Amino acid sequence: MRDVMGVINIDSMDEPLEELTGTRCIASVPFGGRYRLVDFVLSSMSNSGVHNVGVFTLNKYRSLMDHLEDGKSWDLNKKEEGLFILPPNNYPLVNYRGDLHNFYDHLDYFYRSRQKQAIVSAGNIICNINFSGLVNFHRENSAHITIFYKELQGAGEFEHCRKLKTAKGGRVLQIEEEPGTMEDSDRVMIEIYLMEKALLVELIENSTGNGSCSLLRDGIIKNIGDLRVYGFPHHGYLSVINSVEQYYRHSMELLNTKIYEELFFKHGLVYTKVKDEPPVKYLEGASVSNSLLANGCLIEGDIQNSILFRGVNIHRGARVKDSIIMQKCEIGENAVIENAILDKESHVSGGRTVKGQKNNPVIIPKRKSV
Amino acid sequence: MRDVMGVINIDSMDEPLEELTGTRCIASVPFGGRYRLVDFVLSSMSNSGVHNVGVFTLNKYRSLMDHLEDGKSWDLNKKEEGLFILPPNNYPLVNYRGDLHNFYDHLDYFYRSRQKQAIVSAGNIICNINFSGLVNFHRENSAHITIFYKELQGAGEFEHCRKLKTAKGGRVLQIEEEPGTMEDSDRVMIEIYLMEKALLVELIENSTGNGSCSLLRDGIIKNIGDLRVYGFPHHGYLSVINSVEQYYRHSMELLNTKIYEELFFKHGLVYTKVKDEPPVKYLEGASVSNSLLANGCLIEGDIQNSILFRGVNIHRGARVKDSIIMQKCEIGENAVIENAILDKESHVSGGRTVKGQKNNPVIIPKRKSV
Amino acid sequence: MIPAKECVAMLLAGGEGKRLGPLTREMAKPAVPFGGKYRVIDFTLSNCFNSGIYIVGVLTQYQPLVLNMHIGIGSPWGLDRKSGRVAILPPYVDKKGGRWYRGTANAVYQNFYFIDQYDPQYVLVISGDHIYKMDYSKMLHFHKEKEAEATIAVIEVPWEEAGRFGIMITSEDGRILEFQEKPQQPQNNLASMGIYIFNKEVLKKYLHKDERNSKSSKDFGKDVIPMMLKEGCRMYAFPFRDYWRDVGTVESLWEANMDLLSDKPALDLYDRDWRIYTVNPNQPPHYVAPYAHVKRSLVNEGCMIYGRVEHSVLFPGVYVGEGSVIKDSIIMPHARIGCNVKIEKAIIGEKTVVRNFCQVCSLEKEHPEIILIKENIIIPENAVITSTVIGHKKVN
Amino acid sequence: MIPAKECVAMLLAGGEGKRLGPLTREMAKPAVPFGGKYRVIDFTLSNCFNSGIYIVGVLTQYQPLVLNMHIGIGSPWGLDRKSGRVAILPPYVDKKGGRWYRGTANAVYQNFYFIDQYDPQYVLVISGDHIYKMDYSKMLHFHKEKEAEATIAVIEVPWEEAGRFGIMITSEDGRILEFQEKPQQPQNNLASMGIYIFNKEVLKKYLHKDERNSKSSKDFGKDVIPMMLKEGCRMYAFPFRDYWRDVGTVESLWEANMDLLSDKPALDLYDRDWRIYTVNPNQPPHYVAPYAHVKRSLVNEGCMIYGRVEHSVLFPGVYVGEGSVIKDSIIMPHARIGCNVKIEKAIIGEKTVVRNFCQVCSLEKEHPEIILIKENIIIPENAVITSTVIGHKKVN
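Residues numbered from 1 in each chain as written. Chains lettered and ligands numbered in written order. Predicted model: local features only at pLDDT ≥ 70, side-chain atom pairs only at ≥ 80, totals over all residues. Heavy atoms only, no water.

## Things to note about the packing of aromatic side chains
The cut-off we apply is this: The criterion for an aromatic pair is that two Phe, Tyr or Trp rings (for Trp, the six-membered ring) have centres within 6.5 Å, with stacked assigned to planes under 30 degrees apart, edge-to-face to planes over 60 apart and tilted to the rest. Helix and strand definitions here come from DSSP, where helices need a minimum of 4 consecutive H or I residues and strands a minimum of 2 consecutive E residues; each element is numbered from the N-terminal end. Think of it in three bands: residues with accessible area under 20% of the maximum for their type are buried, residues over 50% are exposed, and the middle band is partly exposed, with areas taken using a 1.4 Å probe on protein chains only. Over a ring means this: the NZ of a Lys or the CZ of an Arg is within 6 Å of the ring centre and within 35 degrees of the ring normal.
A complete count under the given rule lists 69 aromatic pairs over all chains for this structure. With a centroid separation of 6.4 Å and 50° between ring planes, the pair formed by Phe40(B) and Phe264(B) is classed as tilted. Note that Phe40(B) is positioned in helix H1 (residues 38-47) and Phe264(B) in helix H9 (residues 257-266), a separation of 224 residues in sequence. Judged by relative accessible area, which is 0%, Phe40(B) ranks as buried. You can call Phe264(B) buried: its relative accessible area is 1%. Sitting over the ring of Trp254(D), Lys345(D) keeps its end group 4.7 Å from the ring centre.

This is the structure:
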């Protein structure tokens, strides 16, 4: 892995997760009780032995910076290499034409990095992967690019993801240019791929002259005939978060202990920024069932099928069901929360009710009082 | 000092130092052999006991982020508080109307900070100050705002700075709205002032409705009649860098050992990001006179009246005079450099000559080969 | 905030903690786990940071590895700064040979060069054995106000227990008139908490004097304090009225843990203005299963609970199987409790496995003893444990 | 890159370094300053990091404070990571009482529990006393290729000096046939560098065996290696051909410093692919005045030079006044040399002040001895020093 660098590519300026992405980029949306989305890919890289990771980001990345700090929490604060946060050099971004544009601003980072291959990943993927299988496969095939894919098991999975077709041996023949146009494949491309750094640099260097500035669309899909592009199946748990509905559904999947154990323990720990919180305290009135609770919570109420982030305070008689309650929220006495996502530090007064619909949770924005 | 926070306000999007500010904001321009401009105010704050510093910045701040990291080098990586880098939340900045605009984006940072006063400082001031004198003076006068000023000694000092007039006892009567308009004063305002946080927050909160978004112009100067604004004289060494000419001149002032000793030792050390560089090695052909050399340099040539940053390599027979050579530059055999500023990692081939004029140095941009 | 060099703390962390049995077989008493997340020493270290005392010498001697690893350079407590630091001070060899620490006073005496480096006016001497939250800067303020040469923090103890402590007789303004070490007939109930502030030069003088006294046991409480009193030093008692516990026995350790479980405990771990810091584990949120039941308990991250947990403290990564009941107990990190296990009033050691259908509870119903099960062992299925399990043997 | 747990390093750093005189009065030999910036131990610690060995136990015993402060948790060497760490391992007290380390082998024996924690396949044993750059991962590769039980790094020494070393007699493929500790008539000139790789289980077995041998001095070179050879272990010599120096005497320390000053030194501190890390001082760039003169020297930050410095090594913060001449000397941090001082072939201790018009040079012209002046003293004006100045007295 000494020869592999990491590139986390947060290439979206809009708000795929509605209010949850109102003031933060998708990679820094809180997830799983104490993590942020970016933690999963970043930990996978670190646990796989990647020592040099560049996080490319466009806007709304202050919470991401606060979170990642110097990379130490992911064991990435090394001498010489480590973690680099790389926003565009110049604003306004009105002329922004795609991720290669941002990469181009930081060409010297790629030149300086000594590695020969790069794992390029999106920032919204929940997984815990040891990348050595991918790297070995890539090298055995002398591939230019090797892309993770998943076999679709049922409907509704991996919405908004592109499909791809492979030949025997794994060579990728085609990737959807527009998601939803390929009917005859049940393989979806996961936006984690390994590529030769020389090729990546070439694509970046060539991206200025013309208007084609998307690494995936213009660099890879359009050149698929000329490049040795391979697909590599991923068999373990993996999910992609592109909408509030997916966010909610995949959060709740963590209550499945098989997924919980696979995601959090199987290939090494998932790292995140640590906080100095005491253990959860269950008081006399507590009643908790099928839920995840992070440290620092004080529980006096009733909690079912929910995920509580750090430092949440649930007062006596309050009932929380099928909900996600983020850091430092407070739920007053006898309040009722159902099918809801409460962003950080929001506050529900005693007796109040917050209810969303099954599969269409209501979102309470950050620091809001209800 | 427990009650005082720091605000470093980098409120400029243009390029006051020409190429030196081409890809970096002014606060991160290298200075004095191993520092960046921001180090001086930041170290003064830290050495004075300020534990919470927000660095507000507009654009081109990647090198600043790389430099400041988590604040640890300035002893600011504390539990709970520390160093915060605060860029605007949203780009494009086409609607940007002044520093209060950026402060407004980060109102929660001010709300969360427990301190009662804030030292607000520009990012281009070279000084080493213990702020306790300022704080005591401010409190004794129950001032709203207390501003540093310098008595002008000669012409050409503190260009581009505003002048101010004070009454006996220190009360500030007037500050120039436009620099260069006040004839009858020889006191220049230094953009370091202490103010009540409550007032600062009030000014930020009130800044949205109308178009008045400059803290100094709209918040302080316009309200000078209603506020208790005091001036506090600064007697020690201090310089402000607003142009290449000032940059060059004040750099060369460091060769005055009185200034060198005052700036680097008198009120505590000036901190910066440390690098793992070996000591300077003087080889057989070295001849050095009236110069500053940071670690990691290899010297085989002739150096006079110059400042060498870390890791500079001066080959045999090369001559460097009246110049500033930044990090990792290489000067080939028998090359001649005079009145020049070489930005980082630039390279002058053997035998070449780079000459600027006295007081109008030539600038070689970053990574350029000559 | 105390300027960095006004006061240096010397933290005595060499205690063997004999009465804690197997808990201190492989670590010093200050390293013993506490409260579902902490080690005992975290309280004094956090107190130092929260009081603005940033230079702390930690005197170690007995089984220091766990403690050394835990403390490192003090980062978890914010003590790894340019203007402060934690220094571990183990016994060492110099030109005169090697000398183990022969008592608390001798330990400080041998490391006085460390104090002298910083040339502080005051030296705070504390021990890493107690659970409490205290603002030492207030005590220092008191010390300066009284113009004392030494100040000792004291707490009122029940009269009937006073005989177990060092007892102070004070004048009305707090000056110490007399000191009785474990008196048979106590004349007062103000007990020394083992927290001292000394003027540095005074301390230096009396440590040298004590060192030369061959009859001295080189202990602050037994030797140095009585000598100073006898010689007429200006010494004051600083009254402390908050929660304070010595956790030197299995019973007191267990009780101090249980104290945390009341709805409004005297020691509040959730106070954001006086946090207790420690090394953070990196574990996912804990999971509570559909038919599990958790009440009046502390549970840390990484736990998976399928059974009943009542009035207990669970450290990180503990697994509790279906049908099991855990009551009045402390379960150390990564212990694994199988299904249908019953555990009552016990302390289960780190990484120990208790297999299905085991029973761990005393036969005594009125005043059951605390059952201690050591770390890293396996209790096989159906075992019935009614008393403490130590030693290397595995139960069968 | 070696996976974290394949190999654990044990770094022997307890050496008193008696022959270094006053330089080791207050610190262990591995803590002695070197090369204008470093301490001797930085070379082995940097070698560990650069070789990908991230778990390092540092065995200390003699005057460890400077070393402890210097090493901390290993941050300067990139060793403070989740997958690695530096642990300082001082002597300690356990239930069986306290035992000082009685030899290099005994020190490792007493801390074998530390190695066992990580369950590595191999243990690298090194000492913190030598100046060299070596990729231990290459030695480990060699060790595995040879399927050795132990591998010893060796270097060719001049035949006339071979008698001062442990000498290996090897077969053609490098297997060690015989080991002679300081032989009077050496049969070979391959000397042991005191760098060993052992298969963990083999090491454990022989350390236990050596421990039970009451006649053993508990030393790797004298006892453990000969015993293993006698019992037929598969042991190989790994040849090293680069720069390597023991800096155990004042002369060798001085020489190793002077070695750095040639135009192309055998030990290159400027190689960016094998950096030597250390704690960075925070000092401004050094200043060289208009009529100063600096040649063939190393000068660190914070120095101010008004005089002549030739073929010398200056640590941070040294001041050299006008008219002074410093030649063939080592000036430790923050020493202050006044005006018109002459210093030749001397080592000036930390923070020592040499006042105006002093002369520090030997009377002997042919082979002058190195003059050592201890730290923190004041040499008054006009003093003439012709030999080493130690002890507490100030010269007058």
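Back to the text.
## Some remarks on the environment of Met45(B)
Residues and elements named next belong to chain B. Relative to the assigned elements, methionine 45 resides in helix H1. Among the residues examined, methionine 45 registers a relative accessible area of 0% and is labelled buried. Measuring from C-alpha to C-alpha, the distance between methionine 45 and valine 4 comes to 9.5 Å, with 41 residues separating the pair along the chain.

## Things to note about helix H6 (residues 200-212) of chain D
Residues and elements named next belong to chain D. Here is the rule we go by: One less than the number of residues in a helix, times 1.5 Å, gives the span that helix is expected to have. Comment: arc refers to directions from the helix axis out to C-beta atoms. Here, residues are in contact when the closest pair of their heavy atoms is within 4.5 Å.
Between the first and last C-alpha of H6 there are 19 Å, a value that for 13 residues agrees with the 18 Å anticipated at 1.5 Å per step. Taken together, the buried positions of H6 are occupied by Lys200, Val202, Leu203, Tyr206, Leu207, Asp210 and Glu211. Axial view of H6: buried residues confined to an arc of 160°, hence all on one face. Of the surrounding elements, those touching the buried residues of H6 are helix H3 (104-110), helix H4 (112-118), strand E8 (122-127), strand E13 (190-199) and helix H7 (220-230).

## Regarding the domain arrangement of chain A
Residue and element names in this part refer to chain A. This is how it is decided: Where each domain starts and ends comes from a domain assignment, either automatic or drawn from a database. Two parts placed together each lose some accessible area under a 1.4 Å probe, and adding up what both lose gives the buried area. Take a side-chain nitrogen of Lys or Arg and a carboxyl oxygen of Asp or Glu: if they are within 4 Å of each other, that pair is a salt bridge. Throughout this description, a polar contact denotes any pair of N or O atoms lying within 3.5 Å of each other; where both atoms belong to protein, one of them has to be capable of donating a hydrogen while the other can accept it, and for residues adjacent in sequence the pair is counted only when both atoms sit in side chains.
What the domain assignment reports for chain A is domain 1 (4-265) and domain 2 (281-364). For domain 1 and domain 2, the distance between their C-alpha centres works out to 32 Å. Interface area, domain 1 with domain 2, both sides summed: about 1,700 Å², of which 69% is carbon and sulfur. Three residues, Gly33, Tyr248 and Leu255, lead the burial of domain 1 against domain 2; their summed loss comes to 37% of the area buried on that side. Applying the counting criterion to the domain 1 and domain 2 interface returns one salt bridge. With its nearest N and O atoms 2.9 Å apart, the salt bridge here joins arginine 24 to aspartate 343. Between the two partners, domain 1 and domain 2, sit four residue pairs in polar contact (both at pLDDT 80 or more).

## Overview of the packing of helix H6 (residues 200-212) of chain C against helix H7 (residues 220-230) of chain C
Residues and elements named next belong to chain C. Defined as follows: Between N-to-C directions, angles span 0 to 180 degrees; the directions come from axes that are lines fitted to C-alpha atoms, helices contributing only their stretch in contact. Any angle between 65 and 115 degrees counts as roughly perpendicular, while under 35 counts as roughly parallel, over 145 as roughly antiparallel, and the rest as oblique. By the definition used in this description, the sense in which the near helix is turned from the far one sets the handedness, with an anticlockwise turn below a right angle giving left-handed and a clockwise turn giving right-handed. Any residue outside Ala, Val, Leu, Ile, Met, Phe, Trp, Tyr, Cys, Pro, Asp, Glu, Lys and Arg is labelled polar, Gly included; the first ten of those are nonpolar and the last four are charged.
Running from amino to carboxyl end, H6 crosses H7 at an angle of 115°, the nearest separation of the two axes being 10 Å. By the angle between their axes, H6 is roughly perpendicular relative to H7. When the axes of H6 and H7 are compared, the crossing they make is right-handed. Residue-level contacts link Val202, Leu203, Tyr206, Leu207, Lys209 and Asp210 of H6 to Phe220, Asp223, Val224, Met227 and Met228 of H7. The class makeup of the residues in the contact of H6 with H7 is eight nonpolar, no polar and three charged.

## Concerning the nonpolar core
The following threshold applies: What we call a nonpolar core is a set of buried Ala, Val, Leu, Ile, Met, Phe, Trp, Tyr and Cys residues that are connected through their side-chain atoms within 4.5 Å.
In terms of nonpolar packing, the biggest core is built from 254 residues, with Tyr247(A), Ile299(A), Tyr247(B) and Ile299(B) touching the most fellow members. When residues no more than four places from it in sequence are discounted, the contact partners of Ile299(B) are Val280(B), Lys281(B), Tyr282(B), Leu283(B), Ala286(B), Val288(B), Leu293(B), Leu308(B) and Ile314(B). Core analysis: the second largest hydrophobic core is formed by 98 residues, Met27(C), Ile41(C), Met134(C) and Val56(D) among them.

## Some remarks on the pairing of strand E12 (residues 229-233) of chain B
On a regular strand, one side chain projects to one face of the sheet and the next to the other, so that they alternate. Residue and element names in this part refer to chain B. Applicable threshold: Strands were regarded as paired on the criterion that DSSP finds at least two bridges between them.
With four of its five residues buried, E12 lies for the most part within the structure. Taken together, the five bridges between strand E8 (residues 145-151) and E12 define a ladder with parallel strand orientation. In the sheet register, isoleucine 147 faces E12, and the bridge partner there is glycine 231.

## Here's the deal with the interface of chain D and chain A
Counting residues at the interface gives 14 residues for chain D, matched by eleven residues for chain A. Here chain D packs against chain A, burying approximately 980 Å² in sum over the two surfaces, 47% of which is carbon and sulfur. Where chain D packs against chain A, one counts one salt bridge. Between Arg114(A) and Asp273(D) there is a salt bridge, with its nearest N and O atoms 3.9 Å apart. In this assembly, chain D and chain A are joined by zero residue pairs in polar contact (both at pLDDT 80 or more).

## Quick word on the sheet that holds strand E27 (residues 353-355) of chain A
All names here are of chain A. Taken together, the five strands give an open sheet; going across it, the order is E15-E18-E21-E24-E27, and neighbouring strands pair in parallel fashion. The strands lining the two open edges of the sheet, one partner per strand, are strand E15 (287-289) and E27. Neighbouring strand axes in the sheet, compared pairwise and without regard to direction, differ in orientation by 5° on average.

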